[in-house]
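# Summary of the model geometry
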2 protein chains.
Amino acid sequence: MPRRHRGVAPVGGAGGLMLPFARVTLIGLGLIGSSLARAVRATMPTVRLTGYDADPAVRETAVRIELVDDVADSAGTAAIDADLVILCVPVGAIGPAAAELADDLPADAVVSDVGSCKAAVARALAEALPGRAIVPAHPVAGTEQSGPEAGFATLFHGRWCILTPEAGTDATAVERVAEFWRRLGATPEVMTPEHHDRVLAVTSHLPHLIAYTIVGTASDLEEVTRGEVIKYSAGGFRDFTRIAASDPTMWRDVFLTNREAVLEMLGRFSEDLASLQRAIRWGKGDELFDLFTRTRAIRRSIVEQGQDDPAADFGRSHE
Amino acid sequence: MPRRHRGVAPVGGAGGLMLPFARVTLIGLGLIGSSLARAVRATMPTVRLTGYDADPAVRETAVRIELVDDVADSAGTAAIDADLVILCVPVGAIGPAAAELADDLPADAVVSDVGSCKAAVARALAEALPGRAIVPAHPVAGTEQSGPEAGFATLFHGRWCILTPEAGTDATAVERVAEFWRRLGATPEVMTPEHHDRVLAVTSHLPHLIAYTIVGTASDLEEVTRGEVIKYSAGGFRDFTRIAASDPTMWRDVFLTNREAVLEMLGRFSEDLASLQRAIRWGKGDELFDLFTRTRAIRRSIVEQGQDDPAADFGRSHE
C-alpha cells in the first residue's frame, strides 16, 4: 500500500474517446441524482440511464419529466444490468440502499456514491458489498434546493469531485469513475476518506452548522420579532438563511456521521469566537481590524481560483 | 412625545412632485456614498451634488469618474451651500466629520448619515451639531466591495432605510429625508436608535462577526491547508467569505460602537451552538432535524418578501 502525502494523490490520465460507462443507474433522484441524470444526458447522450427513488412521488415526477430512460420499481431492478451504480441518498441511507441491491448487482459493476462524509460511508459500502469494486465519491457542489426538479446539468461544472477508494481498489475502476466526473465538467481528486472528512468538516459541515444555529437564534428572540429579522435580513443575515434552507434529512445524517471531525472543528471555532468576544468587550480595535483584513485575502483567493462568482454580492440582481 | 409600539412607527405620506432637496453633499465617497451619488443622478438629475472624502486618492477618483458635480477640498467647503448633508463614513468617524463641518453648515440644512449603528451616532451628531435638524438613517443595503468605484445606482432598490430621529425632531425634516430615500427606491421606516441597534445586531452585526470568525478559524488549521480550504469552499464555506471580505475599518467601528447589543446576541448564539453541539455529541437526530426544518421556513419568508433572490444559490451562474 503506497503512502500518500497528507492523504492526497492526484488522479492522472486523460480520458480517451471511449465512454467510461454505458449503463448508469442512479439510486436517489433528489438534487444531486437528478443533476447527474441531466449532466449525463448532456455530456454522454448514448448512456442508458436508469433511476430509482424510495419515494413513489419522486419516481412519478421522474417519469413525468422524463429524467431517465427507465424508472425502476426497486433498487435491485434498477441495478440489474448497470455497469455503474451511484447511490445519491442521504449518508445514513447509503449502507441500507447498497444492501438492498446487493443480490442484483452485476459482478463487474462499479459502485459509487455522492455522500458528504466518506469514512463511515466507505465502511458501510464495503460491508454491504464485499469484494465489489467500490469508488466512493463526493462532488463538492450543490444548492439549497431539493428534489428531482431542482437539479440542473451544469451543477458540477468547475467543481471538484473527491474520490476516496480504499487502498487496493482496482485502478481501472477508479480511473473510470474519475473520467466519468471529468465528462460532467468536474475535476476528480483522490484522498483518504479520513482526510476528506476533516477537510469537509471545515469547508462545508461547520459552515452549515453555524448557519443553522444563527438562523435558529434569530427566530427565537423576544425583543426583535421574526418579522423584523426577515425584513432587515439584507444586512447579512439572509446569506446564512440560504445554507440553512438545505435538506434537513441530508444534514442530520452528515452531523451524526461525521461527528468527531465536526465537533473538533466546532471546538476551534468556539475558541476563536470567545477570543473575538473578548476583543469586543475590551475595545481592542486593532485585533478586530487585523482579523478582518486577513479574512479578506481568503475571499480573493476563492474568487481567483474560480470557486465563486467574481461579481459583487454573488452577482445577485439589484433591480 | 407619542409612545411608539416596540419603538417602531411607519413613515406616512406620499412625496408629491417637488424634490425633497436641491443641493446634496456627500461626505465619504466609498461604496455607500458613491452609490448614493449614482442613485441621485439617476432619480433626481437636477439635484446639485457635492462630494468630499478625507482620502485624497478617493477624491481624485471621484473627479476622474465624474461621480458628483463638485469635489470639495474640505468637509466645510463641501457643506457650505447644501440643504442636505449625508455623512457616509465609518461610524467611528461620524462625530469628528460632523464637528469638522459644523461652522460651515447652513442654518436650514438637514444632516443625515448612513451608519450601521444608531444610538451612539445620534448622540455624536447631536453633540457636534447642537440645535440642528438631524435625521440619522441606515439603508439596509450593501455589498462586500468598497470604494468609489464599487457603488451602483440600484443598490437601494427594494431595500429598507431605517430613520432614527430623536423625539421632537422637526417632522418636515424627517419627511423630506424619508421622501429622499423613497426616490432612490428604498422604503423608509422610523424606529428608536436603541431598537435599531438590537435589530441590526441580529440581522447584520452578529452574522458578520460569525463570518469573520469562521473564515479566521478555517485559515489557521494545521491538518487542513489553506489551499484545501479555498479549493473545496463551494461546500458552503465560500458563502461566509463574501461577508468576511467587507470593509475592515467599517466593521471594526460597528463592533466597538454597538458593543452591548452585539455581545448580548453573541451570548444567545453561543448558548444555541452549545446545545446543538450536545445534540451532535449524543446523536440526537430528531433535535437536529427539527431545527433544520424550522430554519427552512425563514428562508422562504425572506424570498417571498423580496429580500433575497428566488433563484437557487443566490442566482450564481453555473456555467
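Residues numbered from 1 in each chain as written. Chains lettered and ligands numbered in written order. Predicted model: local features only at pLDDT ≥ 70, side-chain atom pairs only at ≥ 80, totals over all residues. Heavy atoms only, no water.

## Concerning the interface of chain B and chain A
For clarity, the threshold we go by: Any two residues having at least one pair of non-hydrogen atoms within 4.5 Å are treated as being in contact. By buried area we mean how much accessible surface two parts lose on assembly, using a 1.4 Å probe and totalling the loss over both. We count a salt bridge whenever a side-chain nitrogen from Lys or Arg sits within 4 Å of a carboxyl oxygen from Asp or Glu. The term polar contact refers here to a pair of N or O atoms within 3.5 Å; inside protein, the definition further demands a hydrogen-donor-capable atom paired with an acceptor-capable atom, and it admits residues adjacent in sequence only when both atoms are side-chain atoms. Helix numbers and strand numbers start at the N terminus; a helix is a DSSP run of H or I with at least 4 residues, a strand a run of E with at least 2.
Residue-level contacts link 114 residues of chain B with 114 residues of chain A. When the area that chain B buries against chain A is broken down by residue, the three leading residues are Tyr232, Ile280 and Phe292 of chain B, summing to 7%. Where chain B packs against chain A, one counts 18 salt bridges. Among the salt bridges present, the one from arginine 198 of chain A reaches glutamate 223 of chain B, with a minimum N-O distance of 2.8 Å. Where chain B packs against chain A, one counts 42 residue pairs in polar contact (both at pLDDT 80 or more). Among the elements of the structure, strand S9 (160-163), strand S10 (187-191), helix H7 (193-218), helix H8 (226-231), helix H9 (237-243), helix H10 (248-257), helix H11 (259-281) and helix H12 (285-304) of chain B are those that each provide at least two residues to the side of chain B that touches chain A. A total of 19 residues in the side of chain B that touches chain A trace back to one element, the largest contributor, which is H7 of chain B.

## Section: the sheet that holds strand S4 (residues 70-71) of chain B
All names here are of chain B. Going by this rule: The pairing criterion for strands is at least two bridges between them, as found by DSSP. Think of each axis as a best-fit line through the C-alpha atoms, taken over the contacting stretch in the case of a helix, with angles from 0 to 180 degrees between the N-to-C directions.
Spatial strand order, S4-S3-S2-S5-S6-S7: six strands in an open sheet with parallel pairing. Two strands in the sheet have a free side with no partner beyond their single neighbour: S4 and strand S7 (133-134). In this sheet, S4 lies alongside strand S3 (residues 48-52) in parallel orientation, the contact comprising two bridges. Of the residues in S4, the one forming a bridge with threonine 50 is aspartate 70. In the packing of helix H4 (residues 91-101) onto the sheet, contacts are made with strand S2 (23-27), S3, strand S5 (84-87) and strand S6 (110-113), and the angle to S5 comes to roughly 145°. Contacts from helix H5 (residues 119-128) reach S5, S6 and S7, with the element oriented near 150° to S6.

## Points about the pattern of salt bridges
Heads up, the condition is: Relative accessibility under 20% of the residue-type maximum defines a buried residue, over 50% an exposed one, and the middle range a partly exposed one, all with a 1.4 Å probe and only protein chains included.
Overall, the coordinates contain 48 salt bridges over all chains when judged by the stated rule. As a salt-bridge pair, lysine 118 of chain A and aspartate 113 of chain A come within 2.9 Å of each other at their nearest N and O atoms. A residue is classified by how much of its surface remains accessible, and lysine 118 of chain A, at 0% relative accessible area, is buried. Linked through salt bridges whose partners overlap, the residues forming this network are Glu144, Arg242, Arg299 and Asp308 of chain A together with Arg238, Asp239, Asp313 and Arg316 of chain B.

## Looking at the domain arrangement of chain A
Residue and element names in this part refer to chain A. Spelled out, the test is: Domain borders in the structure are assigned automatically or taken from a domain database.
Domain assignment breaks chain A into domain 1 (5-191) and domain 2 (197-307). Spacing between the C-alpha centres of domain 1 and domain 2 amounts to 30 Å. Between domain 1 and domain 2, the contact holds 17 residues from the first and 15 residues from the second. Of the roughly 1300 Å² buried where domain 1 meets domain 2, counting both sides, 57% is carbon and sulfur surface. Summed over the three residues of domain 1 that lose the most area to domain 2, namely Ser116, Cys117 and Glu144, the buried surface amounts to 37% of that side. Run the count over domain 1 and domain 2 and you get one salt bridge. Arginine 242 serves as the salt-bridge partner of glutamate 144, at 2.9 Å between the closest nitrogen and oxygen. On inspection of domain 1 and its partner domain 2, the count reaches eight residue pairs in polar contact (both at pLDDT 80 or more). Elements that contribute at least two residues to the side of domain 1 that touches domain 2 include exactly helix H4 (91-101), helix H5 (119-128) and strand S9 (160-163). Per-element tally for the side of domain 1 that touches domain 2: the top contributor is H4, with three residues.

## A closer look at the pairing of strand S10 (residues 187-191) of chain A
Residues and elements named next belong to chain A. Cut-off, in case you're wondering: Looking down the strands as they point away from the viewer, one classifies a crossover as right-handed if the path from the first strand across the helix to the second runs clockwise.
Counting buried positions along S10 yields four of five residues, so the element is predominantly enclosed. Pairing geometry for S9 and S10, over four bridges, is parallel. Note that in S10 the partner of cysteine 161 across the bridge is proline 188. Tracing the backbone out of S9, into helix H6 (residues 171-183) and back to the parallel element S10 gives a crossover that is right-handed.

## Observations concerning the UniProt feature "domain: Prephenate/arogenate dehydrogenase" (unreviewed entry) in chain A
What counts, and what does not: UniProt positions are given in the numbering used here, feature names are shortened, and annotations may be inferred rather than shown by experiment.
Summarizing the sequence annotation, UniProt attributes the feature "domain: Prephenate/arogenate dehydrogenase" (unreviewed entry) to residues 22-310 of chain A in the numbering used throughout. Structurally, residues 22-310 of chain A comprises 53% helix and 12% strand, and the distance from its first C-alpha atom to its last is 37 Å.

## Structural notes on empty space enclosed by the protein
Rules: Think of a 1 Å grid over just the protein atoms. A cavity is a set of points where a 1.4 Å probe fits yet cannot get out, a pocket is an open set with protein on both sides within 12 Å along at least five of seven lines, and lining residues have an atom within 4 Å of a point. Grid points are joined across faces, edges and corners, and a volume is the space filled by probe spheres set on the points. All residues other than Ala, Val, Leu, Ile, Met, Phe, Trp, Tyr, Cys, Pro, Asp, Glu, Lys and Arg, Gly among them, are scored as polar; the first ten of these are nonpolar and the last four charged.
Enumeration according to the criterion identifies one cavity of 30 Å³ or more in this entry. By volume, the largest cavity amounts to about 40 Å³. Taken together, Asp239, Phe240 and Ile243 of chain A together with Asp239, Phe240 and Ile243 of chain B make up the lining of the largest cavity. Taken together, the elements giving at least two residues each to the lining of the largest cavity come down to helix H9 (237-243) of chain A together with H9 of chain B. Per-class residue counts for the lining of the largest cavity are four nonpolar, no polar and two charged.

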